[in-house]
Amino acid sequence: MSQNMRNIRFALASAAFLTGAGGALAEVHEVQILNGAYFPPTVYAKTGDSIVFYNASFSEHVVGAPTKEWSSDKIPVDGSFTLLLDETTPARFEGEAHDATYMEGEIVLTAVVN
């Protein structure tokens, strides 16, 4: 694992530990961008959590909501994009692989219970 990726994961883990919503700690969920698919394709999360999209493919990648509420810039190979989840976050995300293969994933979002 590259030093840059270790630093990113450490920072995200620290942020998850320090961030709280009503006493509940926010979690960081990782989605790998592979060549032709997201892994995992479904993320189970709560409002206040974040998803880090890590580009493990062979080329730059843009991920976003099908309804255009959010979108990353081009994520370079070995780069990442972080999405903070709230109650308005769309339930789906999508993008295209380097060979124009359509890729999609799902966010199953639950409210934080105090």
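Residues numbered from 1 in each chain as written. Predicted model: local features only at pLDDT ≥ 70, side-chain atom pairs only at ≥ 80, totals over all residues. Heavy atoms only, no water.

1. Here's the deal with the pattern of salt bridges
When charged atoms on two side chains of opposite charge get close, those side chains can pair. Keep this limit in mind: A pairing counts as a salt bridge when a side-chain nitrogen of Lys or Arg comes within 4 Å of a carboxyl oxygen of Asp or Glu. Helix and strand labels come from DSSP, where a helix needs a run of H or I of at least four residues and a strand needs a run of E of at least two; each type is numbered from the N terminus. Exposure is judged per residue with a 1.4 Å probe applied to protein chains only, and the accessible area is read against the type maximum: over 50% gives exposed, under 20% gives buried, and values in between give partly exposed.
Per the counting criterion, the structure on display carries four salt bridges. The salt bridge partner of Lys-74 is Glu-60, with a shortest N-O separation of 4.0 Å. Of this pair, Lys-74 sits in the loop between strand S6 (50–55) and strand S7 (80–84) while Glu-60 is found in the loop between S6 and S7, placing the two residues 14 residues apart along the sequence. Judged by relative accessible area, which is 60%, Lys-74 ranks as exposed. One continuous salt-bridge network, built from bridges that share partners, spans Glu-27, Lys-46 and Asp-49.

2. What about the sheet that holds S6?
Defined as follows: In short, DSSP must find at least two bridges between two strands for them to pair.
One open sheet accounts for four strands, arranged S4-S3-S6-S7; its pairing is mixed. Whereas interior strands pair on both sides, the edge strands pair on one side only; in this sheet they are strand S4 (38–39) and S7. Both strand S3 (residues 28–33) and S6 contribute to a ladder of six bridges, which runs parallel. Among the inter-strand pairings, Glu-30 is bridged to a residue of S6, identified as Val-52.

3. Some words on the pairing of S3
Pairing of S3 with S4, which is carried by two bridges, proceeds in the antiparallel orientation. In the strand pairing of S4, Gln-32 is matched with Phe-39. Connecting S3 to the antiparallel partner S4 that follows it, the hairpin turn spans four residues, and Gly-36 within it adopts a positive phi of roughly 105 degrees.

4. Observations concerning the packing of aromatic side chains
As a reminder, the rule being used: Any pair of Phe, Tyr and Trp rings, taking the six-membered ring for Trp, is counted once the centres come within 6.5 Å. Such a pair is stacked with planes under 30 degrees apart, edge-to-face with planes over 60 apart, and tilted for the rest.
Under the criterion given, the structure shown has six aromatic pairs. When the ring of Phe-53 is compared with that of Phe-93, the centres are 5.1 Å apart and the planes differ by 75 degrees; the resulting orientation is edge-to-face. In this pair, Phe-53 is assigned in strand S6 and Phe-93 in strand S8 (residues 92–96), connecting sequence segments 40 residues apart. We classify Phe-53 as buried; its relative accessible area is 0%. Taken together, a centroid distance of 5.9 Å and an interplanar angle of 10 degrees make the contact between Trp-70 and Phe-81 stacked. Here Trp-70, found in the loop between S6 and S7, pairs with Phe-81, found in strand S7; they are eleven residues apart in sequence, far enough to count as distant. Neither residue differs from the other here; Trp-70 and Phe-81 are each classed as buried. Feature note: the residues Tyr-38, Phe-53, Trp-70, Phe-81 and Phe-93 constitute an aromatic cluster, connected by ring pairs.

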